[in-house]
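# Fold and geometry: a report
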Amino acid sequence: MPGQGNTQMVKEKVVQMQAVLQRLAPFQHVIPRQYEELASHTDCIGKDVQAAMVQGRKLRIAVVGQVKAGKSSFLNAVLFGGNGVLPKAATPMTAALTMIRYAPETKAEVEFYDAADWEKIVHADEKYQEFCETVKERLLAERAAVKKGSGLFAQRASAELRQEDILAVVNSEAPHDQKAAHELVVMAQKNGLDVERYLGSRQVIEGVASPMDLMDKLQNFVGAEGKFTPIVRNSIIYYDDPALAEVEIIDTPGINDPVISRGRRTKEMLGQCDVVFVLSQCSQFLDAVDMELLVQNLPAKGIKNIVLVASQLDAVLPGESNKYANIQQLLQGVVHKIGKRAASTVEDLLKQSSNETERDILQQLKSALPPIFISSMAFNMAQHFDHMDKEERHFYDLYNSMYSGLVFDKNLLLELSCLPRITGVLEAQKQKKEEILSGRLQELIKGAETGFSLQMEELRKTIGSQIARLQNEDVESLQEKEKQIVGRINKGRGSVDGAFENAIIKMQRDFELLKTEIKGVSSDFSSVREQTETYTKTYSVSTSKWYKPWTWGSSETRTRTITSRYANVHESIDQVEQFVYETERRLKQAIISIVDLPRLKTQMREGAMNLFDLGDSSFDADDILRPIERAVNRITVPSVEFGDRDYSSLITKNFSSGRVEESQISSLREAQRAALKAVIADMEKVVRGKTDEMVHSLERSQKEFVDSLLKDIQEDLAQLREQLKNKEAALQTYKEMLGVVEEVK
């Protein structure tokens, strides 16, 4: 634990931050956004420091990652021998933070939202419903107006407005917290919950026979169909395992949690953790969301002990197996490719970043590479080798079908899972507990000071800019400037609209090509491999003759060779599953390449800036650049999820065994084709729906871009104009604020 001197120094640093915040409090009406961020940062660091200074505390280990990264499966494998003690959430909206602690008796505590939390959720749901009505009215008005014209948008507006059209826009534009709140409120109503009765309370689940028994009882609180699931904020599982005696495990619901109060709770807990296991799916290892977590959240929290884990290795192996000669080459190739791509991503970010804080965490991340590649599924199969469930049996058959003669035994599955290595890493972290805890306060305060300094530097620049504008502007020149700015923006409206329309047309064309491409690829997964087997059959033939009484009752044994055809049902299922994987992979890649949001934003930014001569001394760059940046950041497009439909059931429902013979082969071939057609139909539905969503999203961005840019510029200039009316008082206020900020070292 930290020494007395370190503890006192840390306390003094926190007091200094709080003192700066207190001195800025009288000016919060002038800088509301910056003040709120500083207040939140200072409050969090105070809680983190308090938690870190607790004497004799346990080592806190967080497991973080995106929704569906396999965090619960990972912990079930590491802590509970592959048994499903930690339930999986139905959706990102219903996930809940779970803390795992040691106790001599296995039990759980469930914490419900308090009244303040639920009031915010209900309020957000009301906003969601208001937004739905607003969208409906807007679309009706837009269609009525556009129908009078001609061209691309007039043709689309001629169709009747459908509920799907409204939901497409709502899903694309509604804030995540409003959509999450709506799902929680609807689920609570559907379950007939008397919500008020439970708010602010806890439920203890005890007297269980085993962890599996506990899991069954927890389903009602955190399961997909659980009655209380929508009102649960977090849960604590107490497990009788000596391995947990010195640690506390935090299983987060997903770093992209859309429920604000729950996401805030996750961030608070992350700030109080000492070691972080970052899970990222092998199929999209260290994507933009992962990098945002690591680069933006971890530096301010001072967490340096990072373990990178590439999860769900089992999901990528079948799709890559045809590129390698054997399982050894397959594993080496996949691991090398993913590791190389991750290293390249980090190296590129290091070259691009000029921020020392970002560079520090990127160096830590670089040191954590290569990741540990794991398959919780392979571990589960090894643990349940003699009694696999349906899902485990399916993956086992899939593994064995990758290469001729390859049969996974228990030891090979365990080796593939790499879970023993994870257990070793976990033990190593526990062995370093005192070393980690002793340096934790210094890391924490260093990260906090860095984040605080960056916020103060941003505030200093803002204040300096406002002082310069007040000193150099007057009301008359400001009015003339506003007139010129508005004129130039309105004059350039056509070029902005054209860029959006070109993006929409290109997107629609590219998605049509994608559908055609995926249909063509389906033929690679449609073959049914017929096999033959030959065996000898013996049979008895009578040799008696009626006219030879002494031969009556005699017989002889003869043989014949029989050749039969058969096919493996599991191979057909595997091909369908691989086609699903390939379809989803191509769809997700298409979103990145077809809807090039960074490129579109760059075009909009450059197009808007080209409307002005920023070298003209009559223009202040701050009058233009900040509003343009805000307008550009409002441009969004929805993400893509293919869904979780079980296409294999279209095959298995028609066959009772894993093998078909002779006449049934044609039936298997038809069933496989039907499954592929179902995948294609769903793919076309997804593409059609996402195309509509993106068209609506871009149309909305097109309609609002210039208007929001104008509004932001005019609001900024109006605020400046108001301050110019009492110029000396405004200057004095900003100079006093600047004095406070510049005193911060």
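Residues numbered from 1 in each chain as written. Predicted model: local features only at pLDDT ≥ 70, side-chain atom pairs only at ≥ 80, totals over all residues. Heavy atoms only, no water.

### Re the pairing of strand β2 (residues 97-102)
Convention followed: A pair of strands is considered paired only if DSSP assigns at least 2 bridges between the two. Every helix listed is a DSSP run of H or I at least four residues long, and every strand listed is a run of E at least two residues long, numbered separately from the N terminus.
Of the strand pairs in this sheet, β2 and strand β5 (residues 232-239) are connected by six bridges, and their pairing is parallel. When the sheet's bridge partners are listed, Tyr102 is paired in β5 with Tyr239. The sheet contact formed by β2 and strand β6 (residues 247-251) spans three bridges and is antiparallel. Bridging from a neighbouring strand, Ile100 pairs with Ile249 of β6.

### Some remarks on unusual backbone geometry
Note the cis peptide between Leu369 and Pro370, where omega equals -5°. Turning to its location among the elements, Pro370 is positioned in the loop between α14 (356-368) and β9 (372-373). Even without being a glycine, Cys418 presents a positive backbone phi close to 65°. Inspection of the secondary structure assignment puts Cys418 in the loop between α17 (410-417) and α18 (419-431).

### Quick word on a nonpolar patch on the surface
Quick reminder of the rule: Two distance rules govern patches: like charges are joined within 9 Å, and nonpolar side chains (Val, Leu, Ile, Met, Phe, Trp, Tyr) within 5 Å, applied only to residues with over 30% relative accessible area and no salt bridge. Using a 1.4 Å probe, accessible areas were evaluated by the Shrake-Rupley method; residue-level cover was limited to the displayed protein chains. Put simply, a salt bridge is a Lys or Arg side-chain nitrogen that is within 4 Å of an Asp or Glu carboxyl oxygen.
Together, Trp546, Tyr547 and Trp552 give the surface a local cluster of nonpolar side chains, amounting to about 490 Å² of exposed area. For Tyr547, the position within the fold is in the loop between β10 (531-542) and β11 (555-568).

### Considerations on helix α15 (residues 376-383)
The cut-off we apply is this: For every residue, the accessible area (1.4 Å probe, protein chains only) is compared with the maximum for its type, and the residue is labelled buried under 20%, exposed over 50%, or partly exposed between those bounds.
For α15, a buried count of seven out of eight residues is recorded, marking the element as mostly surrounded by other parts of the structure. Of the positions making up α15, those classed as buried are Ser376, Met377, Ala378, Phe379, Asn380, Met381 and Ala382.

### Here we look at the sheet that holds strand β7 (residues 275-281)
Note on sheets: strands pair through backbone hydrogen bonds, and any given pair is parallel or antiparallel. One open sheet holds the nine strands; their spatial order is β4-β3-β5-β2-β6-β1-β7-β8-β9, and the pairing between them is mixed. Two strands close off the open sheet at either side, each with one partner strand: β4 (202-205) and β9. Bridge count between strand β1 (residues 59-65) and β6: five bridges; the pairing is parallel. Its bridge partner lying in β6, Arg60 is registered against Glu248.

### Notes on the nonpolar core
To keep things clear, this is the line we draw: Nonpolar cores were defined as sets of buried Ala, Val, Leu, Ile, Met, Phe, Trp, Tyr and Cys residues, with membership established by side-chain atoms within 4.5 Å. Pairs of residues are marked as contacts when any of their non-hydrogen atoms sit within 4.5 Å.
By size, the foremost hydrophobic cluster in this structure holds 80 residues, and its most contacted members are Leu24, Val49, Ile463, Ile651 and Leu668. Per-element accounting of this core gives the leading share, 22 residues, to helix α26 (residues 664-725). When residues no more than four places from it in sequence are discounted, the contact partners of Leu668 are Val528, Ala567, Asn568, Val569, Ser572, Ile651, Phe655 and Val660. Counting 51 residues, the second largest nonpolar core, distinct from the first, contains Phe285, Ala368, Phe395 and Leu406.

### A word on the pairing of strand β8 (residues 305-311)
Buried residues dominate β8, accounting for seven of its seven residues. Side chains Asn305, Val307, Val309 and Ser311 project from β8 onto one buried face, and the interleaved Ile306, Leu308 and Ala310 project onto a second face that is buried too. Alignment of β7 against β8, held across seven bridges, turns out to be parallel. Looking at the pairing, Val278 lines up with Leu308 of β8. In this structure, β8 lies alongside β9, joined through two bridges in parallel fashion. The residue of β9 that forms the bridge with Val309 is Ile372.

### Structural notes on the environment of Leu668
Take Leu668: it is sitting in helix α26. On the accessibility criterion, Leu668 (0% relative accessible area) is buried. In this structure, the C-alpha to C-alpha distance between Leu668 and Ser572, residues 96 residues apart in sequence, is 7.9 Å.

### Here's the deal with the packing of aromatic side chains
Basically, it comes down to this: Stacked, edge-to-face and tilted labels apply to pairs of Phe, Tyr and Trp rings (six-membered ring for Trp) whose centres lie within 6.5 Å, assigned for plane angles under 30 degrees, over 60, and everything in between, in that order.
According to the stated counting rule, one finds ten aromatic pairs in the structure shown. On the basis of an interplanar angle of 90° and a centroid distance of 5.8 Å, the ring pair of Phe385 and Tyr396 is categorised as edge-to-face. With Phe385 in the loop between α15 and α16 (390-400) and Tyr396 in helix α16, this residue pair connects regions lying eleven residues apart in the sequence. By relative accessible area, Phe385 is classed as partly exposed at 24%. Between Phe525 and Phe579, the ring centres sit 5.6 Å apart and the planes meet at 45°, which makes this aromatic pair tilted. Taken as a pair, Phe525 in the loop between α21 (493-521) and β10 and Phe579 in helix α22 (residues 569-594) lie far apart in primary sequence, 54 residues in all. By relative accessible area, which is 1% here, Phe579 ends up buried. Each member of the aromatic cluster is reached from another via a ring pair, and the members are Phe112, Tyr198, Phe221 and Phe228.

### Regarding the sheet that holds β10
Cut-off, in case you're wondering: Axis definition: a line fit to C-alpha positions, over the contact stretch in the case of helices; interaxial angles, taken between N-to-C directions, run 0 to 180 degrees.
Spatially, the three strands line up as an open sheet ordered β10-β11-β12, and their pairing is antiparallel. Two strands lie at the open edges of the sheet, namely β10 and β12 (659-661), each paired on one side alone. This sheet shows a mean twist of 40° between the axes of neighbouring strands, independent of strand direction. Of the strand pairs in this sheet, β11 and β12 are connected by three bridges, and their pairing is antiparallel. When the bridges of β12 are listed, Ala567 appears paired with Val660.

### With respect to empty space enclosed by the protein
Operational definition: Definitions used for this entry: grid spacing 1 Å over protein atoms alone; cavity, a set of points where a 1.4 Å probe fits but cannot get out; pocket, an open set with protein on both sides within 12 Å along at least 5 of 7 lines; lining residue, one with an atom within 4 Å of a point. Grid points are joined across faces, edges and corners, and a volume is the space filled by probe spheres set on the points.
Applying the stated rule across the entire model yields two cavities of 30 Å³ or more. Within this model, the largest cavity holds a volume of roughly 70 Å³. For the largest cavity, the full set of lining residues is Ile61, Val63, Phe74, Leu75, Val78, Leu79, Ile249, Phe277, Ile422 and Leu426. Those elements that provide at least two residues to the lining of the largest cavity are β1, α3 (71-80) and α18.

### Some remarks on the packing of helix α2 (residues 32-52) against helix α19 (residues 433-472)
What counts is decided by this rule: Any angle that falls under 35 degrees is termed roughly parallel, while one over 145 is termed roughly antiparallel, one within 65 to 115 roughly perpendicular, and all others oblique. Three categories are distinguished: nonpolar for Ala, Val, Leu, Ile, Met, Phe, Trp, Tyr, Cys and Pro, charged for Asp, Glu, Lys and Arg, and polar for the others, with Gly belonging to the last.
Relative to each other, α2 and α19 sit at 170°, their axes nearing to 11 Å. Put simply, α2 runs roughly antiparallel to α19. On α19, the residues touching Arg33, Gln34, Glu37, Leu38, His41, Thr42, Ile45, Asp48, Val49 and Ala52 of α2 are Arg440, Leu441, Leu444, Ala448, Gly451, Phe452, Gln455, Met456, Glu458, Leu459 and Thr462. Of the residues in the contact of α2 with α19, the class split is ten nonpolar, six polar and five charged.

### A word on the environment of Asp692
Counting through the fold element by element, Asp692 comes out in helix α26. The spacing of Asp692 and Gln508 is 184 residues in sequence and 9.2 Å in space, taken between C-alpha atoms.

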